[in-house]
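# Descriptive structure summary
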Amino acid sequence: METNKIQLQSQGIKKALRNYKMYDSVAEYIWNGFDAQATKVEVLFCRNELGGINSIIIRDNGHGIEQEQLKVKFTPMFESEKAITINKNTISTYHGKNGVGRLTFFTFAQEAEWETTYEKDNIKYTYNITINASTLEEFSHSEKQETSAETGTTVTLNNVDEKFSVDELNDYIQTEFSWYIELKRQQGCKLYIDNKDIDNTEVIEERSEHKYTYENISYDVTFCRWKRKLNKEFSKYYYINADGIEKFKENTTLNNKGDKFFHSVYIKSSLFDDFSFENPEGQEVLFGKTKDSVEYRFIKHEVDKLLREKRNPFIKEYTKTYLIELKKNGAYPKYQDTPFDAYRKDALDAMISNIYYAEPKIFSKLNITQQKTLVRLFDLILQSNELDSLFDIIGDIVDMSDDERKGLSEILEYTTMSNITKTINLLKDRAIVIEQLKSLVFDKSESITEVKHIQPFIENNYWIFGEQYHLVTAEEPDFEEALRRFRYILNGEKLTKEESKIDSPDKNKEMDIFAVRQSKQGDIKKCIVVELKRPSVTLGNKELTQVKTYFKTIQSEDRFNADNIEWEFYLVGNNINTDIENEYENASSYGEKYLVFKVKKCKIYVKRWSDIITEFEINNSFLLDKLQLQQNALAESKNKTANEIVEEQATLSSAMPPEVKIS
């Protein structure tokens, strides 16, 4: 047997690993098996005549431990305890601590023996490794031998502490691995404890499967709610490709809310076969999709909505339980048997319920004394009508971060009911606009025209193409007038008509919509030009050529251009022909939906009205659902004529400022 030295001495290793408990250690050996690509891991017990545990065996069918890698696998090098940290990768494929976990057996056993089989260069080898708890700095191993056995590793932990409990281990393992077993379900991943299949049943409260489709992409979503908090795994979204391979994971939108709504969401789709999860926002990719894509935003919206639907009844039910707990702990004031005190109690119940429903974290981690203090302060606030001080008091009592305390305080300090009402009214009116747009371009498509209906409608609602735009020209002004207004917005320069002359054969053409987006500092960052077509026109090469003419005219005039300004051109109508489909295909390498042409900082897009409407509904449906605004009920557009719809736009709070005009 060959003996090797581990870098730290035995006492140093034990000190560094002192936070590990016996069940943590067993979990580490199981994780080592899954890290080795095992599809089956078994934990078995060798019992003595009295029923106690003499030895524990952890067996896996992974790829084994190459003898040539022993110094890497069994010689951990760390300079301090801080080197031993939980793996925070954005995928779940690796948990082991590069040898550290293999030394934790000393917490409950005297000796660890490994029998491992691996394959190298199409030959299988087997050998043994031994470490004693009294000399953790040393390990010995036998010479490798050729074998015909299947690959895998069996770890035997001898002379187990009498305090070791199989039942406690089972509970710990359920909480540690249930989410992972669900993640690997389709790959046939199995975990057995004492010959019992760990199948989530003891820790899962609810499991449901859901199917979604966006255009030609389907999504299979599995929602799991756990009875208790998972050991080291937060509530997460797991993104899985068509082959069942996890590609990415991240915290859910309802993670760590302090409400005991412990959950996992598994999202499987071919969308994630070639997906750039960590691509910086706004950066283009040549292949696949990113989080900016409408396909991703669609499923993200749907799973966020699913979580809220699952959480709402849970929180309402749990709020009742929490109120009972508060009363049991004596947190409520002592009330007299009078109608007034009955009213006080009901009001306090309602207040706590509403606050808990909105932000459960406020009540988490409170001891009984803190519960009493908080609840009785709420009671005093109700009696004194000093609601403005509520969040300041909460911030002083509850262990909250500075950002959370500041955010809660500012809600009352800076937001008035008037502002809230204006925001809700704006959202409502935008929902009305979208319903009216549907009516114009779909229901009334045969009778409407571009000049009388589509043009004035979009002039009032050019927010549809993006926030913070300022309308430069609409319909009538030619390119020379557009240049005058553009230069005025750009730097306050007032060109005379003579100074704004353009040397272009197309200078007299008129853009339907020309708008600029400015930063908070006033700098122009983006310009858009929109060509609108009535619903009866099918978009093709003729219409696209018209937009390209605008593009060439602007590109030929230096005063329209600057290194920091991006230009986007949009052609919009109801239908497209094969010419546009071919243009989509030609530009597909840029990875942007609806893009047909790109040169430097200039892009041309072709969109249908249905595309624009769908994008609005996806991007705003969370708030619409939250406020329970029903778009169909709001608009009543089918009962109005096209002229009435257009006339109404100027009266809505969503109406945008008119075009810029200079003398």
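Preceding this section is the structure that the text describes.
What counts, and at which threshold
Residues numbered from 1 in each chain as written. Predicted model: local features only at pLDDT ≥ 70, side-chain atom pairs only at ≥ 80, totals over all residues. Heavy atoms only, no water. Helix = DSSP H or I, 4+ residues; strand = E, 2+ residues; numbered from the N terminus. Contact = heavy atoms within 4.5 Å. Expected span 1.5 Å × (residues − 1). Buried < 20%, exposed > 50% of the residue type's maximum accessible area, 1.4 Å probe, protein only. Salt bridge = Lys/Arg side-chain N within 4 Å of Asp/Glu carboxyl O. Pairing = 2+ DSSP bridges. Axes fitted to C-alpha atoms, helices over the stretch in contact; angles between N-to-C directions. Polar contact = N/O pair within 3.5 Å; in protein donor to acceptor, adjacent residues only side chain to side chain.

### Here we look at the environment of Thr156
Assignment of secondary structure puts Thr156 in strand β8 (residues 152-158). For the pair Thr156 and Ile56, spaced 100 residues apart in the sequence, the C-alpha separation amounts to 5.7 Å. Excluding anything up to four places from it in sequence, Thr156 contacts Ser55, Ile56, Ile57, Glu111, Ala112 and Glu113.

### Points about helix α13 (residues 541-555)
Here α13 spans 20 Å end to end across 15 residues, near enough to the 21 Å set by a 1.5 Å rise per residue. Those residues of α13 that sit buried are Glu543, Leu544, Val547, Thr549, Tyr550, Phe551, Thr553 and Ile554.

### Observations concerning the pattern of salt bridges
Applying the stated criterion to the full structure yields 38 salt bridges. Lys120 is paired through a salt bridge with Glu68; the nearest N and O atoms lie 4.0 Å apart. Of this pair, Lys120 sits in strand β4 (residues 111-120) while Glu68 sits in the loop between β3 (53-60) and α3 (70-73), and the two are 52 residues apart along the sequence. Overall, the relative accessible area of 39% leaves Glu68 in the partly exposed class. Through salt bridges with shared partners, one network takes in Glu182, Arg185, Arg207 and Glu209.

### Concerning the pairing of strand β6 (residues 138-141)
Inspection of the sheet shows strand β5 (residues 123-132) paired to β6 by 2 bridges, in the antiparallel sense. In the strand pairing of β6, Ile129 is matched with His141. Connecting β5 to the next strand, β6, in antiparallel fashion are 5 residues.

### Details of the sheet that holds strand β12 (residues 217-226)
Taken in spatial order, the 5 strands line up as β11-β12-β15-β13-β14 in an open sheet, and their pairing is mixed. Taken across any chain shown, the strands that pair with only one partner, and hence form the sheet edges, are β11 (204-214) and β14 (246-251). Each strand axis lies, on average, 15° off the axis of its neighbour in the sheet, ignoring direction. Pairing of strand β13 (residues 236-240) with strand β15 (residues 263-268), which is carried by 5 bridges, proceeds in the parallel orientation. Directly across from Tyr238, in β15, lies its bridge partner Tyr266. Against the sheet, helix α5 (residues 294-328) makes contact with β11, β12, β13, β14 and β15, and its axis sits at roughly 150° relative to β11, the strand it touches most.

### Quick word on helix α11 (residues 450-460)
Those residues of α11 lying buried are Glu450, His453, Ile454, Gln455, Phe457, Ile458 and Asn460. Regarding α11, its N-cap is Thr449, as a side-chain oxygen of that residue lies 3.2 Å from the backbone nitrogen of Lys452 further along.

### Notes on unusual backbone geometry
Its identity as a non-glycine residue notwithstanding, Asp121 has a phi of 55°, on the positive side. By secondary structure assignment, the location of Asp121 is in the loop between β4 and β5. Of the residues examined, Asp121 reaches a relative accessible area of 65% and is grouped as exposed. Here Lys600, not a glycine, exhibits a phi torsion of approximately 50°, which is positive. In this fold, Lys600 is placed in the loop between β24 (595-599) and β25 (602-608).

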